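# Observations on chain architecture
Single-letter residue listing:
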Amino acid sequence: MSENFIFEGHDTVELARRFGTPLYVISENRIERAIKKIKSAFNNAGLNYSINYAGKAFICKAMCKILQKLDVCLDVVSGGELFTALSAGFDPACITLHGSNKSEIEIREAIDAGIKTITIDSISEIDIVNKIASELHKTANVHLRLSPGVEAHTHEYIQTGRIDSKFGIPINMGIRAAAKVESSSNLRLTGLHCHIGSQIYSSKPFQIAATSMLEMIYNIKEMGVEITELNLGGGFGINYLQDDPVFDIDEYAVILSKTFEKQSKELGIKIPKLIVEPGRYIIGPAGITLYSVGTVKEIPFLRKYLSVDGGMADNPRPALYKAVHHAIIANKVNKEANDLVTVSGKCCETDTLIKDILLPKAQSGDILCVFNTGAYNYSMASNYNRLTRPAVVLLKDDKAEIMVKRETYENITINDTYPSWL
Ligand SMILES: *Cc1c(COP(=O)(O)O)cnc(C)c1O
C-alpha cells in the first residue's frame, strides 16, 4: 500500500514533486460538493435564496469561472477583486460590492460595470454612491449593511457584527439611513445586510440577527419602502481540527426558513429572499498546502522544531488569529504519529504554523500537508522576506493543472524603480 497521502484521488507527494513546494492545492470537486450541500439544504427548506461567494476568501480568474459554472454569484470587496471577476468574464449582474471604505474609483468602476448591488457601509457613503450614480446617469441598487449587535461565538479578532465595529451602520440608525437612501435621486434600496462574524458553528446567532433584520424591514415598510432581499452574510464555520464542532447547514436552512416565514407573517411583510455570502465554508476544506520539511531542530527536553519552506507569508492566519490547522506527513501516512513537534515557517520571524502537533518522526525532504488552507491563505499571502508566492494547482477528477503560477524573482522586483537621485 502507498505510504503517500491521496487527496481527492491525487498522490500529494507526486503533486509536490511535479509542481514544487510550497504549493497550494485546490479541489474543484470539493468546491462543487460544498455548493451542492448548501443548495440542497436551502432547497429542502423551501428557501428563496441566492449564494454570493465571498471572493476575499480566495479569488483568481479560474475560481470565477468555476463559480459561474456552478451558478453562484460573487461578492467582491475591492476594485482588484472586481477587475479579476470582470476579466474572467464573470456576469456583472451577479456581482455585489462590499467594503467599509470603498474608494470613489471603486464605486465608479462597480456602477459602470453594472453590478447587481452595492452594499453601503456607512451613512456618509450614501451621498457618495448617489453622486457617482448620477454622474453616470444610472440608478444603483443598494443594500444597507447594518450591525445588529449580535456577538457570534468565535475568535474575538474576527467578530464584526458588534456595534463597536468599523463595519456597518448601527441598527438604531437603520431607519435614518433607509430614509436617506430613499430621498437619493439615483439609488434604489433593495435589501438589508448584516454579517455577524466568521467561523460560527451555531445557527442561533444567525436566527437572532435575522429577527432584528426582519423587524427593520417592517419598520422600513412603515415608511413606504418594500425591501425584498435580506443578506445574512457568511461566517459558516468549518472544522480545522477533527474535534471541532461541525456547522450544520441543514439546520441553518430550516431555522432560517421557519424564522423568515413565521416572522414575516406576523409582521405583514413579504418574505424576503435570503442571500448568504459564505467564503470559508466553500473554499476552506477544498484546499491543502504542501510544504517540504527542511531544518529539524531539537532542543533537548524542551521542543522540537520542524521548519518548512513556507510560513507566515503563505499562511498568516496562525500569526494573525492564533488559528489552528491539522497536518500530516504526506509521505508517511501509515507511520504512527508519535513525535511531538512545532511546525515553523522560514520567515525571519517566529512564524509558528502549528504549535505542538503529533506527527510521525520527520526528516528533511519529507512533505508536510496542511489541511483546510483553501480560505484566507493565498488571498492573504504576502511577499514578506521577498518570498515568492506559491503556485495554486487546481484538481478536477483525475486532472491537475496550475491556476495561479508560482511567482518569480522578476515578479517581485518588477515594480521597483530608482528615484532620480539614485
Ligand atoms: C468575510 C465576509 C464574508 C465571508 O466570511 P466567511 O467566514 O469566509 O464565510 C461574507 N460577508 C462579509 C461582509 C464578510 O466580511
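Fair warning: this is a prediction, and the values are worked out from it, not measured in the lab.

Right, let's talk about the state of the cysteines for a bit. Within the structure shown, the criterion is met by one disulfide. One disulfide in the model links Cys 73 with Cys 94; its S-S distance is 1.9 Å. Between Cys 73 and Cys 94 the disulfide shows an S-S torsion of about -85 degrees. By sign, it is left-handed. Of this pair, Cys 73 sits in strand E5 (residues 73–76) while Cys 94 sits in the loop between helix H4 (79–87) and strand E6 (95–97), placing them 21 residues apart in sequence. Each member of the pair, Cys 73 together with Cys 94, is buried. Just so you know, Cys 194 is unpaired, no disulfide at all, and the nearest cysteine sulfur is the one on Cys 73, 19 Å from it. Judged by relative accessible area, which is 0%, Cys 194 ranks as buried.

In this section: the site of the ligand. In the vicinity of the ligand lie 14 residues, with Lys 56, Ser 198, Gly 235, Glu 277 and Tyr 376 positioned nearest. Within the side chain of Ser 198, one N or O atom sits 2.7 Å away from an oxygen atom of the ligand. Contacts to the ligand include Tyr 376, whose side-chain N or O atom sits 2.5 Å from an oxygen atom. If the ligand stood free it would expose 390 Å²; the protein chains cover 95% of that surface. Its residues placed into classes, the shell around the ligand shows three nonpolar, seven polar and four charged.

A word on the packing of aromatic side chains. For any two aromatic rings, the description comes down to two numbers: the centre-to-centre distance and the angle of the planes. In this structure the tally under the stated criterion is 14 aromatic pairs. On the numbers, 5.4 Å between centres and 80 degrees between planes, the contact of Phe 5 with Phe 371 is edge-to-face. Remark: Phe 371 occurs in strand E18 (residues 367–371) and Phe 5 occurs in the segment before strand E1 (6–7); sequence separation between them is 366 residues. With relative accessibility at 17%, the residue Phe 5 sits in the buried group. Measuring from centroid to centroid gives 5.1 Å for Phe 206 and Tyr 252, while their planes differ by 85 degrees, and the two rings are edge-to-face. With a gap of 46 residues between them, Phe 206 in helix H8 (residues 204–222) and Tyr 252 in helix H9 (residues 249–267) connect regions that are remote in the sequence. Tyr 252 sits in the buried class, given a relative accessible area of 0%.

Turning to a nonpolar patch on the surface, a few remarks are in order. Together, Tyr 418, Trp 421 and Leu 422 make up a nonpolar patch on the protein surface, roughly 540 Å² of accessible area in all. Mapped onto the secondary structure, Trp 421 falls in the segment after helix H12 (409–413).

Between Thr 21 and Pro 22 the backbone carries a cis peptide bond, its omega angle lying at -10 degrees. One can find Pro 22 in the loop between helix H1 (12–19) and strand E3 (23–27). With phi around 55 degrees, Gln 199 is a residue other than glycine that occupies positive phi space. Residue position: Gln 199 is located in the loop between strand E10 (187–193) and H8. The backbone of Asp 397 sits at a positive phi, close to 50 degrees, despite the residue not being glycine. Residue placement: Asp 397 occurs in the loop between strand E19 (391–396) and strand E20 (399–404). Judged by relative accessible area, Asp 397 falls into the partly exposed class, the value being 44%.

Our focus in this paragraph is the pattern of salt bridges. Applying the stated criterion across every chain yields a total of 18 salt bridges. With a shortest N-O distance of 3.3 Å, Lys 335 and Glu 3 are connected by a salt bridge. One end of the pair, Lys 335, is in the loop between strand E15 (327–329) and strand E16 (339–344); the other, Glu 3, is in the segment before E1, and 332 residues separate them in sequence. Assessed through its relative accessible area of 47%, Lys 335 is described here as partly exposed. Among the ionic pairs, Lys 262 bridges to Glu 266, the shortest N-O distance being 3.4 Å. Of this pair, Lys 262 and Glu 266 both sit in helix H9, four residues apart, roughly one helical turn.

We now examine the packing of H8 against H9. It is the contact of H8 with H9, at a shortest axis distance of 10 Å, that shows an interaxial angle of 25 degrees. When the interaxial angle is binned, H8 and H9 end up roughly parallel. The chirality of how H8 crosses H9 is right-handed. Within the contact between the two elements, H8 uses Phe 206, Gln 207, Ala 210, Thr 211, Leu 214, Glu 215 and Tyr 218 and H9 uses Tyr 252, Ile 255, Leu 256, Thr 259, Phe 260, Gln 263, Ser 264 and Leu 267. Class assignment for the residues of the contact of H8 with H9 results in nine nonpolar, five polar and one charged.

What counts, and where the lines are drawn
In this convention, every chain numbers its residues from 1, walking through the sequence in written order. pLDDT decides what is reported in this predicted model: residues at 70 or higher carry local features, side-chain atom pairs at 80 or more are listed and counted, and totals for whole chains, interfaces and linings draw on all residues regardless. Heavy atoms from the whole structure form the basis of all side-chain values; hydrogens and water molecules are not counted. In this description, the term disulfide denotes a pair of cysteine sulfurs within 2.5 Å. Strands are runs of DSSP state E lasting at least 2 residues, helices are runs of H or I lasting at least 4, and numbering of each runs from the N terminus. We call a residue buried when its accessible area falls under 20% of the maximum for its residue type, exposed when it is over 50%, and partly exposed in between, using a 1.4 Å probe and counting protein chains only. Proximity is defined per residue: any heavy atom of the residue falling within 4 Å of a molecule or strand makes that residue near it. Any pair of nitrogen or oxygen atoms within 3.5 Å is treated as a polar contact; in protein, a donor-acceptor pairing is required on top of that, and neighbouring residues in sequence qualify only through side-chain atoms on both sides. With residues, only the protein chains shown are counted as cover, and all accessible areas are computed by Shrake-Rupley using a 1.4 Å probe. Note on residue classes: Ala, Val, Leu, Ile, Met, Phe, Trp, Tyr, Cys and Pro are nonpolar, Asp, Glu, Lys and Arg are charged, and everything else, Gly too, is polar. Geometry of aromatic contacts follows a simple scheme: Phe, Tyr and Trp rings, the Trp one being its six-membered ring, pair when their centres are within 6.5 Å, and the pair is stacked under 30 degrees between planes, edge-to-face over 60, tilted otherwise. Patch membership is restricted to residues that have no salt bridge and whose relative accessible area is over 30%. Joining uses 9 Å for like charges and 5 Å for the nonpolar side chains Val, Leu, Ile, Met, Phe, Trp and Tyr. Each reported salt bridge corresponds to a side-chain nitrogen of Lys or Arg within 4 Å of a carboxyl oxygen of Asp or Glu. Here the axes come from fitting lines to C-alpha atoms, over the contacting stretch only for helices, and the angles between their N-to-C directions go from 0 to 180 degrees. Each angle gets one of four labels, with under 35 degrees taken as roughly parallel, over 145 as roughly antiparallel, 65 to 115 as roughly perpendicular, and the rest as oblique. Rotating anticlockwise by less than a right angle from the far helix to the near helix defines a left-handed crossing, while the corresponding clockwise rotation defines a right-handed one. Contacts: residue pairs with any heavy atoms within 4.5 Å of one another.

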